[in-house]
Amino acid sequence: MLLYLSKYGPQKEKRIHPLIQSRSTKHLHNLPVEQIIHKNIRQTFSKMQTGISVLNHSWIGSDNYVAKTEQLVKVSKESIFDSFAYVPLFYRKNLRLKKYFVMEGVFLTLICSEMQGTEIDYFLVKTKDEQLQIDVEDKLDVLEQDLLLISNIVNKITIPTPNYTRDCKICEWKQYCKNLAKVTGDLTLISGIGKRIKSELKKLNINSVSELASANLENANLEFTSKKHLEYIQLQARSFVNDENIIRESIQFPEKTTELYVDIEGSPYQDFVWMIGCLVKEKGSVEHKNFLAKSPKEEQSMFESFLEFLREYDTNYILYHWSQAEPQYFRNLTKKHAIPFSSLKTILDNSLDLFKIFKEKTILPISSYTLKEVANYIGFQWDEPLSDGATSIVLFDKWYNYGDQKALRRAILYNSDDCKALMIIKNFIIKLQNPIKGE
Ligand code: SF4
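Keep in mind the model is a prediction, meaning the values are calculated, not measured.

Caption draft 1: Region of interest: the nonpolar core. Counting 42 residues, the largest nonpolar core has Tyr 261, Val 262, Tyr 320, Leu 422 and Ile 425 as the members making the most contacts within it. Counting residues in each nonpolar core, the second largest holds 21 residues, with Val 66, Ala 67, Tyr 86 and Leu 89 among its members.

Caption draft 2: Examining the pairing of strand β12 (residues 317-321) more closely. Of all 5 residues in β12, 5 are buried, a share of seventy percent or more. Side chains Tyr 317, Leu 319 and His 321 project from β12 onto one buried face, and the interleaved Ile 318 and Tyr 320 project onto a second face that is buried too. Note that strand β9 (residues 258-267) and β12 share 4 bridges and pair parallel. Its bridge partner being in β12, Glu 259 is matched across the sheet by Ile 318.

Caption draft 3: Highlighting the confidence of the model for the protein chain. Across the protein chain, pLDDT averages 87, with 89% of residues at or above 70. A low-confidence stretch, residues 1-29 stays under pLDDT 50, and its non-local contacts, those more than four residues away or across chains, total 43 contacts.

Caption draft 4: Highlighting the site of the ligand. Every residue close to the ligand is listed here: Pro 162, Asn 163, Asp 167, Cys 168, Cys 171, Trp 173, Lys 174 and Cys 177. Classifying every residue of the shell around the ligand gives 5 nonpolar, 1 polar and 2 charged.

Caption draft 5: The arrangement of the sheet that holds β9 in detail. Across the sheet, 5 strands lie side by side as β11-β10-β9-β12-β13; this open sheet has mixed pairing. Edge strands, defined here as strands with exactly one partner in the open sheet, are β11 (285-292) and β13 (351-353). Across this sheet, the average inter-strand angle for adjacent strands is 25°, counted without regard to direction. Relative to β9, helix α10 (residues 325-336) is tilted by about 70°, and along the sheet it contacts β9, β10 (272-282), β12 and β13. Along the sheet face, helix α15 (residues 405-433) touches β9, β10, β11 and β12 and points at about 45° away from the line of β10.

Caption draft 6: Up close: the pairing of strand β4 (residues 71-79). Across 3 bridges, the pairing between strand β1 (residues 54-56) and β4 is antiparallel. The residue bridging Asn 56 from the neighbouring strand is Gln 71, located in β4. Pairing geometry for β4 and strand β5 (residues 82-91), over 7 bridges, is antiparallel. Bridging across to β5, Leu 72 finds its partner in Pro 88. Turn length for the β4-β5 hairpin, with the two strands adjacent in sequence and antiparallel, is 2 residues.

Caption draft 7: Main features of helix α9 (residues 299-311). With 13 residues, α9 should cover 18 Å at 1.5 Å per step; its first-to-last C-alpha distance of 18 Å lies within 8% of that length. Among the residues of α9, those classed as buried are Glu 299, Phe 303 and Phe 306. Axial view of α9: buried residues confined to an arc of 55°, hence all on one face. For α9, exposure combined with an orientation more than 90 degrees from the buried face picks out Ser 301, Glu 308 and Arg 311.

Caption draft 8: Broad picture of the environment of Gly 284. With respect to the element layout, Gly 284 can be found in the loop between β10 and β11. Along the primary structure Gly 284 and Thr 258 are separated by 26 residues, whereas in three dimensions their C-alpha atoms are 9.8 Å apart.

Caption draft 9: Expanded view of helix α14 (residues 391-402). Across its 12 residues, α14 extends 16 Å between first and last C-alpha, which sits within 8% of the 16 Å expected from 1.5 Å per residue. For α14, the set of buried residues is Ser 392, Leu 395, Phe 396 and Trp 399. Each buried residue of α14 sits inside an arc of 100° when the element is viewed along its axis, so together they form one side. Among the exposed residues of α14, those pointing more than 90 degrees away from its buried face are Asn 401 and Tyr 402. Looking at the buried side of α14, the elements it contacts are β9, β10 and α15. Backbone geometry just downstream of α14 places Gly 403 in the positive-phi region, at approximately 65°.

Caption draft 10: A look at the packing of helix α13 (residues 371-378) against α15. For the pair α13 and α15, interaxial distance at closest approach is 10 Å and the crossing angle is 60°. Accordingly, the angle class assigned to the pair α13 and α15 is oblique. In the packing of α13 onto α15, the handedness of the crossing is left-handed. Here α13 contributes Leu 371, Val 374, Ala 375 and Ile 378 to the contact with α15, which in turn contributes Asp 418, Ala 421, Ile 424, Ile 425 and Phe 428. For the contact of α13 with α15, the class distribution of residues is 8 nonpolar, no polar and 1 charged.

The rules behind the values
Residues numbered from 1 in each chain as written. Predicted model: local features only at pLDDT ≥ 70, side-chain atom pairs only at ≥ 80, totals over all residues. Core = buried A, V, L, I, M, F, W, Y, C linked by C-beta atoms within 7 Å. Buried ≥ 20, exposed ≤ 12 C-beta atoms within 10 Å, placed from the backbone. Helix = DSSP H or I, 4+ residues; strand = E, 2+ residues; numbered from the N terminus. Pairing = 2+ DSSP bridges. pLDDT = per-residue confidence, 0-100. Contact = placed C-beta atoms within 7 Å. Near = placed C-beta within 6 Å. Nonpolar A, V, L, I, M, F, W, Y, C, P; charged D, E, K, R; others polar. Axes fitted to C-alpha atoms, helices over the stretch in contact; angles between N-to-C directions. Expected span 1.5 Å × (residues − 1). Arc of directions from axis to C-beta. Parallel < 35°, antiparallel > 145°, perpendicular 65-115°, else oblique. Left-handed = near helix turned anticlockwise from the far one by under 90°.

This is the structure in structure tokens:
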């Protein structure tokens, strides 16, 4: 049933929630049908019977639930297989585990217990350097409540009101919840409002975006929300309700003959920067350049080539980027490869964070200020069909680990679109401030 909600749910949302009337289905996943899942579970069971030490990406199931595991590892324990049983194991980058992840582990141990006729009371999490055992006994009550809630949602006994937060970005239910939040005017649609601020606003009897837009907040005194932030979220709400763009403060861009729009791709797993993508705009022409490292060994020379390229412009350029990721990459690369600090200083002195401009000076009727959301709002679309935040990681993996040259070309194209999006956003801000001057 949990699988039904977490995986099949988005395809069946109209049946589950009465408020959702229509939705595009083009991005839905092709999931295995029920018979195939049950066949996969039987295969897992047969492999378990052989006593194999590890099972990868296997389906497991009990009377009511099915799920797919990352890995199952054999341990000594009495079970229907005699003296051994299997426990779920997850691979993670670090051991800072979010609640939803822990509950997934608890859910898998429950199925493992029922499937193997024994009590599995822990699951494992492995990082590059260590392995942690997480006991589930004290979490089973929470799981029971979650499962009951899910059952009530499926049976329309409970109508959920989701909080549309940054965690939603990676959730299968993202579109469903966003649609629902729009229909109900949920406060979490507003950038800057999470669960805590939502519940504070509720205490002021502000329950929707339109109520926030028109509220008198002069004397409002909230514990966790400053006056300044309250003003900000109210402006956001007004922008939403009136579908308008708001300039809070005028923005001056430096006048330079060359504009560089930079987006850097790093691999969190291989721990190196593999591409610096740069859209160069000068003398009326626009060209995308990419500086590529085919392995960690090439990272230094790749960065040095980029610095050499910048030196040609002396200080007569302005480098635009989105968020603090790029300056941080530059700092890390400078330190890692013992590059003179003066090079870093020149870059940072000639850089401008377009994300910061949006956060501080401009308000749009959107729910979050990711590069994608802002650019999509303006009307820019990425060519690459895979277009979520993990795209470049997926393409890098295909190229780096499996030599897929087509994936590399797609990654370069994707990066070039990110850079183009930056340029379009910058032009949009100029236009917003001065519709006549704008390009
Ligand atoms: S509220 Fe967000 S995290 Fe929760 S189900 Fe909806 S999209 Fe997923």
